[in-house]
Amino acid sequence: MLNQAERERYARQIRLFGEDGQEKLKKSSVFVAGAGGLGSVVSIYMAAAGFGRIRIVDCDSVELSNLNRQVLHGSDDVGRRKARSAEEMLQGINPEIDVDAIVGTIDEDSLDRLLQGCDLIMDAMDNFPTRYLLNRAALQRKIPLFHGAICGFQGQATTIIPGKSACLRCIFPRAPPAATFPALGSTCGVIGSVQVTEAVKYVLGSGELLTDRLMLWDGLNSCMDEVACVRDSSCRDCCNKYNVETNNMWNNVETE
Amino acid sequence: MKIKVMAFASFREILGKELNLDIVGEATAAGVLAILASRNKRFKEAAFEESGWLRDYVQIMINRKRIDPRQDLSTKLNDGDELVIFPPVAGG
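Residues numbered from 1 in each chain as written. Chains lettered and ligands numbered in written order. Predicted model: local features only at pLDDT ≥ 70, side-chain atom pairs only at ≥ 80, totals over all residues. Heavy atoms only, no water.

## Thoughts on the overall build of chain A
- Looking only at helices and strands, chain A has nine helices and eight strands in total.
- The C-alpha radius of gyration of chain A comes to 19 Å, within 12% of the 18 Å expected for a compact globule of 256 residues.
- Projected onto its principal axes, the C-alpha coordinates of chain A cover approximately 65 × 45 × 35 Å.
- For chain A, the residues scored as buried account for 52% of the 256 residues in total. (Helix = DSSP H or I, 4+ residues; strand = E, 2+ residues; numbered from the N terminus. Rg over C-alpha atoms; globule rule 2.2 N^0.38 Å. Buried < 20%, exposed > 50% of the residue type's maximum accessible area, 1.4 Å probe, protein only.)

Laid out in structure tokens, this is it:
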């Protein structure tokens, strides 16, 4: 049940999807991977919208050169852990929700623990190796992954529903090389907003999700485009059932 | 035959948004990429390894369906086909 303050806070959303819808958001637990440019937009809009529990994880401290785009953090936060300033900002925006801000690295060892209790994964990372980890974790747990990435004026987004849609590895089988990317805060704004809209729709069960489609934003030409994606039947991340069974069979044969 | 090429992300900054190629005889995805590389040195450097192989993360779509560049570059194109090419962006 929503309390009176929540009814007032979310009045404009309740006009959109009713108290039932708002309660669905309140019951949702989201994992925001990263408190950088995308993580700022994603977590701020999710906090404001009333997703009930937000776990945001980042291992870095705020640098002056982050502030052009990472709107979770202010000038006074330079040198502080991003998780700390994120926690203050998100809790300040919406004290009705639970914010669980963690200083930590997302890796193979930590991810399972970090994802405990989370229903949705928001990709706000800055590299593909970690994104592939998030992809595999989403597939294992059968929870959705909302992918976003940016570079300068350009961005991309897609929604991954395990078992139903193409996974991140189907769409991007191989990672681009690591680099320091140019970044514009408003590009993070566009892509992060798409990710949050997708998460809202997923929780409400409304609209048409950005599954099996890669949305491409070109801010320089003000063009939004999309390309179709299909599940790759040989994808090593999402179509490995047969391989697993084959391996088990081999193990059995060897044991015998 | 006419082939429309659309570029996204950093390839758009190099090639422009859209190119219309008029190709005499048969056309393949590999052939279109070779034409683009011969016309534009920056594109060649961005899309291809020094060895001449297409960089493995480059996305290619024919009529908005992704193809696997390791296997399908010799796919024949038809008049009016659209080839989309872009590298994934990775920043956050």
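## Focus: the pattern of salt bridges
- Per the counting criterion, the structure on display carries 23 salt bridges over all chains.
- In this structure, Asp 68 of chain B engages Arg 174 of chain A in a salt bridge whose closest nitrogen and oxygen atoms are separated by 3.9 Å. With Asp 68 of chain B in the loop between β5 (65-67) and β6 (76-77) and Arg 174 of chain A in the loop between α7 (168-171) and α8 (185-204), this residue pair bridges two chains. In terms of burial, Asp 68 of chain B and Arg 174 of chain A fall into one category: buried.
- Across the pair Glu 45 of chain B and Lys 41 of chain B runs a salt bridge, and its minimum N-O distance is 3.3 Å. Residue Glu 45 of chain B and its partner Lys 41 of chain B are both found in helix α3 (residues 41-47); the two are separated by four residues, about one turn of the helix.
- Glu 45 of chain B gets classed as partly exposed once you look at its relative accessible area, which sits at 46%.
- Among the residues examined, Lys 41 of chain B registers a relative accessible area of 63% and is labelled exposed.
- Because the salt bridges share partners, they merge into one network encompassing Asp 225 of chain A together with Lys 4, Glu 18, Arg 64 and Glu 82 of chain B. (Salt bridge = Lys/Arg side-chain N within 4 Å of Asp/Glu carboxyl O.)

## With respect to the packing of aromatic side chains
- Under the definition given, this model contains six aromatic pairs over all chains.
- On the numbers, 5.4 Å between centres and 75° between planes, the contact of Phe 128 of chain A with Phe 172 of chain A is edge-to-face. One end of the pair, Phe 128 of chain A, is in helix α6 (residues 128-141); the other, Phe 172 of chain A, is in the loop between α7 and α8, and 44 residues separate them in sequence.
- For Phe 128 of chain A, a relative accessible area of 2% corresponds to the buried category.
- According to the relative accessible area criterion, Phe 172 of chain A is buried, its value standing at 0%.
- Between Phe 8 of chain B and Phe 86 of chain B the ring centres are 5.9 Å apart and the planes differ by 85°, which places this aromatic pair in the edge-to-face class. (Phe/Tyr/Trp six-rings, centres within 6.5 Å; stacked < 30°, edge-to-face > 60°.)

## A few points about the layout of surface pockets
- Its boundaries defined by the atoms lining it, the largest pocket holds a volume of some 560 Å³.
- As for the largest pocket, its lining consists of 30 residues, of which Asp 60, Arg 69, Gln 70, Lys 82 and Asp 126 of chain A are closest to the centre.
- Classifying every residue of the lining of the largest pocket gives ten nonpolar, 14 polar and six charged.
- The computed volume of the second largest pocket comes to approximately 250 Å³.
- Together, 16 residues line the second largest pocket, and Cys 151 and Phe 181 of chain A together with Ser 10, Pro 87 and Pro 88 of chain B are the ones closest to its centre.
- Here the lining of the second largest pocket takes three residues from helix α1 (residues 9-15) of chain B, the largest share from any one element. (1 Å grid on protein atoms, 1.4 Å probe; cavity = no way out; pocket = protein on both sides within 12 Å on 5 of 7 lines; lining within 4 Å. Points joined across faces, edges and corners; volume = space filled by probe spheres on them. Nonpolar A, V, L, I, M, F, W, Y, C, P; charged D, E, K, R; others polar.)

## Points about the interface of chain A and chain B
- Contact residues are listed per partner, giving 36 residues for chain A and 23 residues for chain B.
- Roughly 2,300 Å² is buried in total at the junction of chain A and chain B, and carbon and sulfur atoms are behind 58% of that figure.
- Sorting the residues of chain A by area buried against chain B places Gln 154, Arg 174 and Val 227 of chain A first, and these three jointly supply 26% of that buried surface.
- Counting every contact that joins chain A to chain B gives three salt bridges.
- A salt bridge links Asp 218 of chain A to Arg 12 of chain B, with the shortest nitrogen-to-oxygen separation between them at 2.5 Å.
- Remark: the boundary between chain A and chain B carries 14 residue pairs in polar contact (both at pLDDT 80 or more).
- The set of elements that each furnish at least two residues to the side of chain A that touches chain B consists of α3 (37-49), α6, β5 (145-151), β6 (154-160), α7, β7 (213-218) and β8 (223-228) of chain A.
- The biggest single contributor to the side of chain A that touches chain B is β8 of chain A, with five residues.
- Of the residues that constitute the side of chain A that touches chain B, the class distribution is 22 nonpolar, seven polar and seven charged. (Contact = heavy atoms within 4.5 Å. Buried area = accessible area lost by both parts, 1.4 Å probe. Polar contact = N/O pair within 3.5 Å; in protein donor to acceptor, adjacent residues only side chain to side chain.)

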